[in-house]
Amino acid sequence: MISEPSRYCTVELQALPPRIGQVRRIVSAQLRHWQLDALIDLAALGVTELLTNVHRHAQPDKTCTVEVALLLDRLTVSVRDHDPRIPDLTEPSDTDTEFATSGRGLAIIEAMSESWGVRPHGDSGKVVWFTLQAPPSPVAEPPRTDVVYGATTTGPLESAALVP
């Protein structure tokens, strides 16, 4: 059996609230197609956080590209935008409350993913990414065959003429 070594999906969009929901559904459908249902909730949460960051912070525009790649046992979700500023994971200040409704996107990414990072992309832009451990693929049962090894008849030695 030859296994597919990698799978890849890309979506280009404007990071606006209605589009964020659409991309979340696209990512979920793609993972269902790849039979990675166990990763849907985490991947959808992660892509939502990354796209929300683009919507809130990216300058000069909200154009971005979402890439989802499965390589061996790692799912990588990345969002590339045109803003060269690198975000950082900062601790909440004393003025932040535990009931704040924003400002925790990268902390959520860090908590829910196996790994994450940011890298510059060209002269203007960056890529923010995270990885998830893919569950082991089910081991396929070998196909059942009805092959019989050896003779299916009694053979010539069983003949009455040859037996003493």
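Reading guide: rules and limits
- Residues numbered from 1 in each chain as written.
- Predicted model: local features only at pLDDT ≥ 70, side-chain atom pairs only at ≥ 80, totals over all residues.
- Heavy atoms only, no water.
- Helix = DSSP H or I, 4+ residues; strand = E, 2+ residues; numbered from the N terminus.
- Buried < 20%, exposed > 50% of the residue type's maximum accessible area, 1.4 Å probe, protein only.
- Contact = heavy atoms within 4.5 Å.
- Areas by Shrake-Rupley, 256 points an atom, 1.4 Å probe, with all protein chains shown as cover.
- Salt bridge = Lys/Arg side-chain N within 4 Å of Asp/Glu carboxyl O.
- Pairing = 2+ DSSP bridges.
- Arc of directions from axis to C-beta.
- Axes fitted to C-alpha atoms, helices over the stretch in contact; angles between N-to-C directions.
- Parallel < 35°, antiparallel > 145°, perpendicular 65-115°, else oblique.
- Left-handed = near helix turned anticlockwise from the far one by under 90°.
- Nonpolar A, V, L, I, M, F, W, Y, C, P; charged D, E, K, R; others polar.
- Expected span 1.5 Å × (residues − 1).

Trainee: Looking at this model, I keep getting lost on the overall build of the protein. Mind explaining?
Mentor: When its secondary structure is counted, the protein shows three helices and five strands. The N-to-C order of helical and strand elements in the protein reads β-α-α-β-β-α-β-β. For the protein, with 164 residues in total, the buried portion stands at 32%. Here the analysis covers contacts within the protein between residues at least 6 apart in sequence; of these, 62% occur between residues at least 24 apart. Taken as a whole, the protein presents about 11,200 Å² of accessible surface, with 55% of it coming from carbon and sulfur.

Trainee: I keep staring at the pattern of salt bridges and nothing clicks. Help me out?
Mentor: Opposite charge on two side chains permits them to pair, given that their charged atoms come into close proximity. All told, the structure shown has five salt bridges when counted by the stated rule. One salt bridge in this structure joins arginine 80 and glutamate 67, with 3.3 Å as the shortest N-O distance. Here glutamate 67 lies in strand E2 (residues 63–71) and arginine 80 lies in strand E3 (residues 74–81), a separation of 13 residues in the sequence. Assessed through its relative accessible area of 25%, arginine 80 is described here as partly exposed. Between arginine 74 and aspartate 73 there is a salt bridge; the shortest N-O distance is 3.0 Å. A relative accessible area of 29% means that arginine 74 is categorised as partly exposed. Take aspartate 73: its relative accessible area is 36%, and that puts it in the partly exposed class. Ionic contacts of the salt-bridge type, sharing partners, join the residues Asp73, Arg74 and Glu114 into one network.

Trainee: Looking at this model, I keep getting lost on the pairing of E2. Mind explaining?
Mentor: In regular strands, side chains alternate between the two faces of the sheet. Of all nine residues that make up E2, seven are buried, and the element is covered over most of its length. As defined by bridge partners, E2 adjoins E3 across eight bridges and the pair is classed as antiparallel. Bridge pairing in E3 links threonine 65 to arginine 80.

Trainee: I tried to follow helix H3 (residues 105–112) on my own but got confused; where do I start?
Mentor: Since the α-helix packs 3.6 residues into each turn, any two residues three or four apart lie on the same face. The complete set of buried residues in H3 reads Gly105, Leu106, Ile109 and Met112. With its buried residues spanning 135 degrees around the axis, H3 presents them on a single face.

Trainee: Teacher, can you tell me more about the packing of helix H1 (residues 17–33) against helix H2 (residues 40–57) here?
Mentor: Contact geometry for H1 and H2: axes closest at 9 Å, N-to-C directions at 150 degrees. Here H2 runs roughly antiparallel to H1, going by the angle between their axes. Like other packed secondary-structure pairs, H1 and H2 cross with a definite hand, here right-handed. Along its contact with H1, which presents Pro17, Ile20, Val23, Arg24, Val27, Ser28, Leu31 and Arg32, the element H2 presents Ile40, Ala43, Ala44, Val47, Thr48, Leu51, Thr52 and His55. Its residues assigned to classes, the contact of H1 with H2 comprises ten nonpolar, four polar and two charged.

Trainee: Looking at this structure, I do not really get unusual backbone geometry. What am I missing?
Mentor: Only a minority of non-glycine residues have a phi that is not negative, and only a minority of peptide bonds are not trans. Here the bond from glutamine 59 into proline 60 is cis, since omega is 5 degrees, no more than 30 degrees from zero. You can see proline 60 is positioned in the loop between H2 and E2. The backbone of glutamine 35 sits at a positive phi, close to 60 degrees, despite the residue not being glycine. As for its placement among the helices and strands, glutamine 35 is situated in the loop between H1 and H2. By relative accessible area, which is 65% here, glutamine 35 ends up exposed. Look at leucine 72: it is not a glycine, yet its phi comes out positive at around 55 degrees. Under the relative-accessibility criterion, leucine 72 is labelled exposed at 69%.

Trainee: Teacher, can you tell me more about H1 here?
Mentor: Look at H1: 25 Å from first C-alpha to last across 17 residues, which is about the 24 Å you get at 1.5 Å a residue. Along H1, the positions that sit buried rather than exposed are Ile20, Gly21, Val23, Val27, Ser28, Gln30 and Leu31. Looking one or two residues beyond H1, the residue adopting positive phi is glutamine 35, at roughly 60 degrees.

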